[in-house]
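Coordinate analysis (summary)
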Amino acid sequence: MEKVEIYTDGACSAPPGPGGYGAIIMSGSHTQEISQGFRLTTNNRMEVLAAIEALTLLEGSCTVSLYSDSKYLVDSISKGWAKKWQANHWKKSDGAYAKNQDLWARLLELNKKHTITFNWVKGHSDNEHNNRCDELATTATKEDPTKIDTPYEKPTPLEDPQTTLF
């Protein structure tokens with residue numbers, strides 16, 4: 001299996017508000033940067049979406065070391081919370097519905113395809129790749145965030161944006 005390193009970050013100017021994500025995908029001598037801005041979203045959604053979009057670009061099954069400064073992202077997968085939420089019809093242990101169900105479902109599917117280790121890194125410190133992802137996400141948030149985060153802005157009738165999406 002191909003070995004890949006991915007760094008991700010999400011940003012949001014005033015949640016909910018304009019937001020964006022940035023990611024760096026590295027494999028061998030190949031490096032690719034991706035980013036996208038959205039007109040209305042949250043930071044947590046962008047943190048998870050950054051991982052999804054980077055992993056989606058991988059061909060075949062890969063061994064991935066994914067780095068993020070988001071405890072929300074890293075802990076939800078590494079500690080098995082997202083799997084438990086899904087198995088419990090998206091209810092958390094406190095009975096409340098998990099937020100960002102659409103994104104967790106996508107990420108859990110990608111987690112089946114690849115062998116992924118989620119690693120937490122301290123944000124805004126001396127990690128050059130994390131800092132670059134922050135730049136990408138922040139720039140995407142500011143430059144022209146016109147893309148619509150449809151599940152957030154226009155949830156289906158079965159979704160309650162007050163309990164399921166943030």
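Since the structure is predicted, the reported quantities are computational estimates derived from the model, not experimental observations. (Residues numbered from 1 in each chain as written. Predicted model: local features only at pLDDT ≥ 70, side-chain atom pairs only at ≥ 80, totals over all residues. Heavy atoms only, no water.)

**Structural notes on the sheet that holds strand β2 (residues 17-27)**
Spatially, the five strands line up as an open sheet ordered β3-β2-β1-β4-β5, and their pairing is mixed. Of all strands in the sheet, those with a lone pairing partner are β3 (30-41) and β5 (115-120), marking the two edges. In this sheet, adjacent strand axes meet at a mean angle of 20° when their direction is disregarded. Where strand β1 (residues 2-12) lies against strand β4 (residues 62-68), seven bridges are found, and the strand directions are parallel. Counted as the bridge partner of Tyr7 is Tyr67 from β4. Strand contacts of helix α2 (residues 71-78): β1, β4 and β5, with the helix running at about 135° to β5, the strand carrying the most contacts. (Pairing = 2+ DSSP bridges. Helix = DSSP H or I, 4+ residues; strand = E, 2+ residues; numbered from the N terminus. Axes fitted to C-alpha atoms, helices over the stretch in contact; angles between N-to-C directions. Contact = heavy atoms within 4.5 Å.)

**Things to note about the packing of aromatic side chains**
The way to describe two aromatic rings as a pair is by their centre distance and the angle between their planes. Across all of its chains, the model carries four aromatic pairs by this definition. On the numbers, 6.4 Å between centres and 35° between planes, the contact of Tyr21 with Phe38 is tilted. Here Phe38 lies in strand β3 and Tyr21 lies in strand β2, a separation of 17 residues in the sequence. Grouping residues by exposure puts Tyr21 and Phe38 together as buried. An aromatic cluster is built from Tyr72, Trp85 and Trp104, whose rings are joined through pairwise contacts. Positioned above the aromatic ring of Trp120, the side-chain terminus of Lys71 is 4.7 Å from the ring centre. (Phe/Tyr/Trp six-rings, centres within 6.5 Å; stacked < 30°, edge-to-face > 60°. Buried < 20%, exposed > 50% of the residue type's maximum accessible area, 1.4 Å probe, protein only. Lys NZ or Arg CZ within 6 Å of the ring centre and 35° of its normal.)

**Examining the nonpolar core**
Judged by nonpolar contacts, the single largest core of 33 residues is most densely connected at Ile6, Leu55, Val64, Leu66, Trp104 and Leu107. Broken down by element, this core gets its largest block of residues, eight residues, from helix α1 (residues 43-56). Setting aside its immediate chain neighbours within four residues, Leu66 contacts Ile6, Thr8, Ala51, Leu55, Leu73, Ile116, Thr117, Phe118 and Asn119. Among the nonpolar cores identified, the runner-up in size contains seven residues, and Tyr7, Tyr67, Cys133 and Leu136 belong to it. (Core = buried A, V, L, I, M, F, W, Y, C linked by side-chain atoms within 4.5 Å.)

**Structural notes on the confidence of the model for the protein**
Caution is warranted with low-pLDDT regions, since their predicted coordinates should not be read in detail. Per-residue pLDDT for the protein has a mean of 92; in total, 93% of the residues score no lower than 70. Counted against residues more than four places away or in other chains, residues 158-166, with its pLDDT under 50, gives 28 contacts. (pLDDT = per-residue confidence, 0-100.)

**A look at the pattern of salt bridges**
The final tally for this structure, using the stated rule, is eight salt bridges. The salt bridge partner of Arg106 is Glu53, with a shortest N-O separation of 3.5 Å. With Arg106 in helix α4 (residues 101-113) and Glu53 in helix α1, this pair connects stretches of sequence that are 53 residues apart. For Arg106, a relative accessible area of 39% puts it in the partly exposed group. Accessibility expressed as a relative area gives 25% for Glu53, which makes it partly exposed. The residue Glu135 makes a salt bridge to Arg132 at a minimum N-O spacing of 3.0 Å. Remark: Arg132 and Glu135 occur in helix α5 (residues 128-143); sequence separation between them is three residues, near one turn of the helix. If you follow the salt bridges from partner to partner, you end up with Glu33, Arg132 and Glu135 in one network. (Salt bridge = Lys/Arg side-chain N within 4 Å of Asp/Glu carboxyl O.)

**Observations regarding the environment of Gly17**
For Gly17, the location among the structural elements is in strand β2. Among the residues examined, Gly17 registers a relative accessible area of 5% and is labelled buried. Not counting residues within four places of it along the chain, the set of residues in contact with Gly17 comprises Cys12, Phe38, Arg39, Leu40 and Thr41.

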